[in-house]
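Listed here are the chains, written in short residue letters.
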Amino acid sequence: MRVLLVASAFNSLTQRVHTELRYRGHEVAVELALGEDLLRARVARFRPDLIVAPMLTTAIPEDIWTEHTVLIVHPGPKGDRGPSSLDWAISEGAREWGVTVLQAVEEMDAGPIWASHSFPVADCGKSELYRNEVSDAAVAAVLLAVERFAAGDFVPEPLDYGRPDVRGRLRPYHSQEYRRIDWSTETTADVLRKLRAADSQPGVLDELYGREYFVHGGHNEDRLRGAPGAVIATRDGAICRATVDGAVWLPQLRPRRIPGGPATFKRPAVDALGADLPTGTPEVAVTPADAAVRDTWSELRYRELGSVGYLEFSFAGGAMSTRQCRRLLAAYRQACARPIRAIVLGPDRDFFSNGIHLNVIESADDPAQESWHNITAMNDLVEAILTTTDRLVISALPGNAAAGGVMLALAADEVWCRESAVLNPHYRLMGLYGSEYWTYSLPKRVGAAEAARLTRETMPVGARSAADSGLVDRVGPGDTHAFGAWVRHEAALLADSPELENRLTAKKQLRAADEAAKPLAEYRAEELAQMRRNFFDEGEPYHQLRRNFVYNVTPPATPAYLLS
């Protein structure tokens, strides 16, 4: 079928639906909801059999939904209505929630139901829940709805609040009135619910040192204590703030925009506070090994199970700053010094990596120079993985990866993806040539022609398609918990296999042969020569494209790469 996806942004869920439908043989196009006339023109040109809206914040025009079947994906159970469904689910402590695919009608979220799917509400932030449990449920519901539409004989279920399985209701917008934190009275559990319900948008409006900030993200702290509301510690850019019965870590802050002033964006909390943070605030470090057995915030965790070491990293939004790359490299080198036979790299949930940290770069005194430092630090990390020849290295991706984050994964001997992961193995949309040794790793996996296509077409790649092309080695099943269990089982089998020594010998020989044919230093130098021009030459589009991304600038029309 010809399916038109209409979305307010080409976000993670829209990309996931796009890859799943294309993999099943449908002809899929995308139109961003940037104006009714633009949408009408696109519908007239594409002539879709079906319109699906995976993520939409505006209404579809009546003349479109009366002429075409339009299916809206709503992140709530049957009967749930309103723009803040997940916010309410998390803030009220729901243990189960749902996704409903309903037909567009005049009244928002009130159309007949084509499919629904429930999911457990994990203890995490809204954005992480959205990219995992919500996305999985949404795809299952969309695929069922598309199948029913294609069959031609399905009658959607009218919304009827008298039915026992219709448990949702109309809810208001979850404004800051509901999100406000009273640090003098609220428990850690209460504070975390509010923080998680606002992550990553719109954040919780709060005050620190006489200034207003939106707080993004929140994590428990198991040991530190202090006066309620006080900032009692920092760690790797985050701040720790005491509650009445404990404390929480706040990784990112966004200054409230002053009326008439410039727009603001999220930054590491310590950077955002700047000189306002008292100089005596202690930096309380935690090792990756200690973090793995504690209930505290850390971007890095390390644990060993048998002969396998698991180096977990979790960076907000998948972005990796210069400092984060260097910390991960240090942890990787420590893991390599351990008496293990295999290392598994990747987060427990959510993003693997999206490459360099554009927000940190944007806030730097010299963004071009910070871009250079950041890409150099990424390259150092990737090089360390590529040159590890005395043990097996596995990249395990429970969630999405993009740009340099994909190339970071490809540095490993094997790449394992959860079936829900979406990869974007390209740099062009940010005006960059790319680095992280991609000119070595990517063609080696998929061939020169496919590498050129992937980086030129700039379209997302689903896990199964990635496996078909050789971009990844294996695809694992299930939710993030099931995927983690599968990774641990398969990694143990490989590490304990009597064939591992032969494999490591072959790995050393191949690395030596590749180095003799063309040293890694040459790949790096060639890539960085291009990147230096991207960062420092006048007229290069990177800096404007980065600002557009950081400030979430809406494009005037659907980008050309989505039109085919």
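Anything mentioned here points back to the structure above.
Residues numbered from 1 in each chain as written. Predicted model: local features only at pLDDT ≥ 70, side-chain atom pairs only at ≥ 80, totals over all residues. Heavy atoms only, no water.

J.: Help me understand the environment of Cys325 in this model?
T.: Position of Cys325 relative to the elements: it lies in helix α10 (residues 322-336). Judged by its relative accessible area of 1%, Cys325 is buried. With 55 residues separating them in the primary sequence, Cys325 and Asp380 have C-alpha atoms 8.4 Å apart. Setting aside anything within four residues of it in sequence, one finds Cys325 in contact with Met320, Asn374, Ala377 and Met378. (Helix = DSSP H or I, 4+ residues; strand = E, 2+ residues; numbered from the N terminus. Buried < 20%, exposed > 50% of the residue type's maximum accessible area, 1.4 Å probe, protein only. Contact = heavy atoms within 4.5 Å.)

J.: What's the story with the nonpolar core in this structure? I'm lost.
T.: Soluble globular proteins tend to pack their nonpolar side chains together in the buried interior. Residues Tyr332, Leu423 and Leu442 are the most contacted members of the largest nonpolar core, which totals 67 residues. Per element, the largest residue contribution to this core is nine residues, and it comes from helix α12 (residues 367-386). Beyond its immediate sequence surroundings of up to four residues, Leu442 is in contact with Met407, Leu410, Gly447, Ala451, Leu454, Thr455 and Leu471. One finds Met55, Ile90, Phe119 and Leu562 within the second-largest nonpolar core, a separate group that totals 40 residues. (Core = buried A, V, L, I, M, F, W, Y, C linked by side-chain atoms within 4.5 Å.)

J.: Explain α12 to me, please; I cannot follow it from the model alone.
T.: The α-helix winds at 3.6 residues per turn, so residues separated by three or four positions along the chain end up facing the same way. Between its first and last C-alpha atoms α12 spans 28 Å; for 20 residues at 1.5 Å apiece the expected length is 28 Å, and the two agree. Across the 20 residues of α12, 15 count as buried, placing the element largely inside the fold. (Expected span 1.5 Å × (residues − 1).)

J.: Quick question: what am I supposed to make of the sheet that holds strand β14 (residues 267-268) here?
T.: Adjacent strands of a sheet pair through backbone hydrogen bonds, lying either parallel or antiparallel. Strand order across the open sheet formed by four strands is β7-β8-β13-β14, with antiparallel pairing between neighbours. Looking along the sheet, the strands with just one partner apiece sit at the ends: β7 (204-208) and β14. Pairing analysis gives four bridges linking strand β8 (residues 211-216) to strand β13 (residues 252-255), with the strands arranged antiparallel. Residue pairing across strands places Val215 opposite Leu253, the latter belonging to β13. (Pairing = 2+ DSSP bridges.)

J.: Sorry if this is basic, but what is going on with empty space enclosed by the protein here?
T.: Under the definition given, this model contains four cavities of 30 Å³ or more. Quantified by volume, the largest cavity comes out at close to 110 Å³. If you trace the largest cavity, you find 16 residues lining it, with Arg131, Ser135, Gly399, Asn400 and Ser420 closest to the centre. Those elements that place two or more of their residues in the lining of the largest cavity are α1 (12-23) and α5 (126-151). Per-element accounting of the lining of the largest cavity gives the leading share, four residues, to α5. (1 Å grid on protein atoms, 1.4 Å probe; cavity = no way out; pocket = protein on both sides within 12 Å on 5 of 7 lines; lining within 4 Å. Points joined across faces, edges and corners; volume = space filled by probe spheres on them.)

J.: Please explain the environment of Val248 as it appears in this structure.
T.: In this structure, Val248 sits in strand β12 (residues 247-250). For Val248, a relative accessible area of 0% corresponds to the buried category. It is 34 Å that separates the C-alpha atoms of Val248 and Gln369, two residues lying 121 residues apart in sequence. Those residues within four positions of Val248 in sequence are excluded, and the remaining contacts are Trp183, Thr188, Val191, Leu192, Leu195, His219, Glu221, Ile239, Cys240, Arg241 and Thr243.

By themselves, these figures tell us nothing about what the structure is for.
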